Amino acid sequence: MDIIQYNYVLTAAIASWAAAQIIKTVLHFVQTKKFTPERLFGAGGMPSSHSALVCSATVAMCRKCGGGSPEFAMAFLFALVVMYDAMGVRRSAGLHAKEINRLNRIFIVKGIASDSENDKQTESKKKKEFKEYLGHTPFEVLGGALLGILISMIVPVNI
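Remember, predicted model here, so these are calculated numbers, not experimental data. (Residues numbered from 1 in each chain as written. Predicted model: local features only at pLDDT ≥ 70, side-chain atom pairs only at ≥ 80, totals over all residues. Heavy atoms only, no water.)

Asker: Just to check I follow, could you spell out the overall build of the chain for this structure?
Answerer: What the chain contains, in helices and strands, is six helices and zero strands. The linear arrangement of helices and strands in the chain, starting from the amino end, is α-α-α-α-α-α. By the burial criterion, 35% of the 159 residues in the chain qualify as buried. Long-range contacts, defined here as pairs at least 24 residues apart, represent 77% of the contacts in the chain between residues at least 6 apart. Total accessible area computed for the chain in this model is approximately 10,500 Å², and 68% of it derives from carbon and sulfur atoms. (Helix = DSSP H or I, 4+ residues; strand = E, 2+ residues; numbered from the N terminus. Buried < 20%, exposed > 50% of the residue type's maximum accessible area, 1.4 Å probe, protein only. Contact = heavy atoms within 4.5 Å. Areas by Shrake-Rupley, 256 points an atom, 1.4 Å probe, with all protein chains shown as cover.)

Asker: I would appreciate a short explanation of the packing of aromatic side chains in the present structure.
Answerer: Each pair of aromatic rings is reported with the distance of its centres and the angle of its planes. Taken as a whole and assessed by the stated rule, the structure comprises two aromatic pairs. Where Trp 17 meets Phe 41, the ring centres are 6.5 Å apart and the plane angle is 40 degrees; that geometry is what we call tilted. In this pair, Trp 17 sits in helix H1 (residues 8-32) while Phe 41 sits in the loop between H1 and helix H2 (49-65), placing the two residues 24 residues apart along the sequence. By relative accessible area, which is 29% here, Trp 17 ends up partly exposed. Take Phe 41: its relative accessible area is 67%, and that puts it in the exposed class. Judged by centre distance (6.0 Å) and plane angle (35 degrees), the rings of Phe 72 and Phe 76 are tilted. Of this pair, Phe 72 and Phe 76 both sit in helix H3 (residues 70-87), separated by four residues, roughly a single helical turn. (Phe/Tyr/Trp six-rings, centres within 6.5 Å; stacked < 30°, edge-to-face > 60°.)

Asker: Would you take a moment to explain H3 for this structure?
Answerer: It helps to recall that an α-helix has 3.6 residues per turn; residues three or four apart then point in one direction. In this model, H3 (18 residues) spans 26 Å end to end at C-alpha, consistent with the 26 Å of a helix rising 1.5 Å per residue. Within H3, the full set of buried residues consists of Phe 72, Ala 75, Ala 79, Val 82, Met 83 and Ala 86. Across the axial projection of H3, the buried residues extend over an arc of 95 degrees, all falling on one side. In H3, the exposed positions angled more than 90 degrees off the buried face are occupied by Pro 70, Met 74, Val 81 and Tyr 84. (Expected span 1.5 Å × (residues − 1). Arc of directions from axis to C-beta.)

Structural data, given as structure tokens:
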């Protein structure tokens, strides 16, 4: 028995996540003309790596276990929850972060955020911003889902 065995579902899912993160980083570079290493591992952006991962795992589970299996049913339901969350709660949190960061910049410029000029805590707060890339638009989720489905169809079921 081999210590490391080929796991089709896991391989397809991880390959889909990695592909989405690489595509996301390249698209961000094309848009901003700056390489941002955080995009390789961070959330948010096009395509959704979360959607790519769960859709790839779902399709892989269907191919491996069949569409009537409880494993496929669980993967499908899990994928729905993850994609709904990416477009809902996580997207709202990202929009809130963006607005809070904007307000903090206004307060700092006007001097409202500082109680005293030597307040070291205020200085550290000036530099800290909330992450704004958290969730996804429906289009970004769809892009990730299609990427995950495509990759799970390309990755071989058995080696």
